[in-house]
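Summary of the model geometry
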Amino acid sequence: MKITEIRIRKMKMMMKKPFSTSFGTFQEKDFLLLEAKDELGNSGWGESVAFHSPWYSEETLETNLHIIKDFLVPIVLGNEISHPDQVSELFGHLRKNNMAKSTVEGAIWDLYAKRNKMTLAEALGGARKRIEVGISIGIHENADELIETVAGFVEEGYKRIKVKIKPGYDVDVMQKLRAAFPDVPMMADANSAYRLKDTELLQKLDGLNLTMIEQPLASDDIIDHATLQANLQTPICLDESIHSLEDTRKAVELGSTKIINIKIGRVGGLTEAKKIHDYCAEKGIPVWCGGMLESGIGRAHNIALTTLPNFTLPGDTAGSSRYWEEDVISPEVVVEDGYITVPDAYGIGYAINKQAMDRFTVEELVFQAQPSTAATGQ
Ligand code: OSB
Ligand code: MG
């Protein structure tokens, strides 16, 4: 397949409610969408999950834009691509910038599936017709307000509740939450807010029957996590620390993690995500799909990935209406009794809501292959 045109949209969408983590609060979501067109007129979509500020990782919307337009676009516009797995190889000589790479790779996966009249899930090798989902809940003013929010989502049917924690908002809050919901599958995500010296505090979470604690220690650490895991009953799940299959192998071999949160953007795309999935399946490590407060495009990619068999724990892919007044896809992602039905239309399986997308577009950049190349289809 020949990529003839790439269009990048800078987007701005308002979240219905602010979302707070140990590293900051989101209300406005600035991000990129990327459309790749082929010589047959098909169109594939990708989303950059980089945030406006380098809070979660070092990548930002602007670094992604720079890497995509100055390095990645020239590569995909100039190369014949027969399978999306080739894209990560073509990008292999460029270090890191995984979210930028994933944006382009994701659009090409969607394009490839559409060309071959498959769903993205099928193209990835996934078989599930519906996926089980949980929800991630930001830091609240106090435990009472958190309990009220959680009650609403439990009522909606979400299959597990993930709660953000930070120093000063942890053991006491989690104890109250567990007391209010004795049987709900529950976990905590620290987004790297603790250090090994906090082991005693984190041990107080043992006994609350949490499915896992996500990324308690530094975002670049796998050594201290191994020490912490040896002193903790609750399984540790790594998020920020995992950027590749190699990172996964090292963390698993060291005993730093018992569960992996796979985020497509963080690991550089669907091809690497699949490799991590396969390795974890072999090692008996359950995986689940993390979220980055995505619009419908990124959400659709997450749904497709979650159809693979070792995604045995509910992920963070909640319904569109949890985040947005109106999403950029049609139909929107709907959660019913804690399940999302995997769409059966080709590619990502959702159509673009052009009107909404245009309304949230701040700027559009267009890149085309050399006209001679595009015209002859070589
Ligand atoms: O650590 O998983 C995380 C949101 C922003 C940045 C990091 C994380 C999160 C979430 C929300 O937990 C996941 C979602 O609902 O998309
Ligand atoms: Mg996390």
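This section reports on the structure supplied with the text. (Residues numbered from 1 in each chain as written. Chains lettered and ligands numbered in written order. Predicted model: local features only at pLDDT ≥ 70, side-chain atom pairs only at ≥ 80, totals over all residues. Heavy atoms only, no water.)

Helix and strand counts for the chain stand at 13 helices and 15 strands. Along the first, second and third principal axes, the C-alpha atoms of the chain reach 65 × 40 × 35 Å. Within the chain, buried positions represent 59% of all 378 residues. Of the contacts formed within the chain by residues at least 6 apart in sequence, a portion of 71% connects residues at least 24 apart. For the chain, the computed accessible surface area is about 15,300 Å², with 49% contributed by carbon and sulfur atoms. Within the chain, the 55 negative side-chain charges are centred at a point lying 2 Å from the centre of the 41 positive side-chain charges. (Helix = DSSP H or I, 4+ residues; strand = E, 2+ residues; numbered from the N terminus. Buried < 20%, exposed > 50% of the residue type's maximum accessible area, 1.4 Å probe, protein only. Contact = heavy atoms within 4.5 Å. Areas by Shrake-Rupley, 256 points an atom, 1.4 Å probe, with all protein chains shown as cover. Lys, Arg positive; Asp, Glu negative; His and termini not counted. Charge placed at Lys NZ, Arg CZ, Asp CG, Glu CD.)

Across the sheet, which stays open at both edges, the seven strands sit in the order 5-6-7-8-9-10-11 with parallel pairing between neighbours. Each end of this open sheet is capped by a strand with a single partner; those strands are strand 5 (135–137) and strand 11 (287–289). Both strand 10 (residues 259–262) and strand 11 contribute to a ladder of three bridges, which runs parallel. When the sheet's bridge partners are listed, Asn261 is paired in strand 11 with Trp288. Across the sheet, helix 10 (residues 270–283) is in contact with strand 10 and strand 11; its angle to strand 10 comes to roughly 165°. (Pairing = 2+ DSSP bridges. Axes fitted to C-alpha atoms, helices over the stretch in contact; angles between N-to-C directions.)

Turning our attention to helix 3 (residues 98–115). Its 18 residues give helix 3 an end-to-end C-alpha distance of 25 Å, which sits within 8% of 26 Å, the value for a rise of 1.5 Å per residue. Buried residues dominate helix 3, accounting for 16 of its 18 residues. (Expected span 1.5 Å × (residues − 1).)

Let's shift gears to the pattern of salt bridges. Per the counting criterion, the structure on display carries 26 salt bridges. One salt bridge in this structure joins Arg7 and Glu5, with 2.7 Å as the shortest N-O distance. For the salt bridge of Arg9 with Asp358, the shortest nitrogen-to-oxygen distance reads 2.9 Å. Taken together, the residues span a long stretch of sequence, with Arg9 in strand 1 (residues 3–21) and Asp358 in helix 12 (residues 354–359) at a distance of 349 residues. A relative accessible area of 6% means that Arg9 is categorised as buried. Residue Asp358 is classed as partly exposed on the basis of its relative accessible area of 37%. (Salt bridge = Lys/Arg side-chain N within 4 Å of Asp/Glu carboxyl O.)

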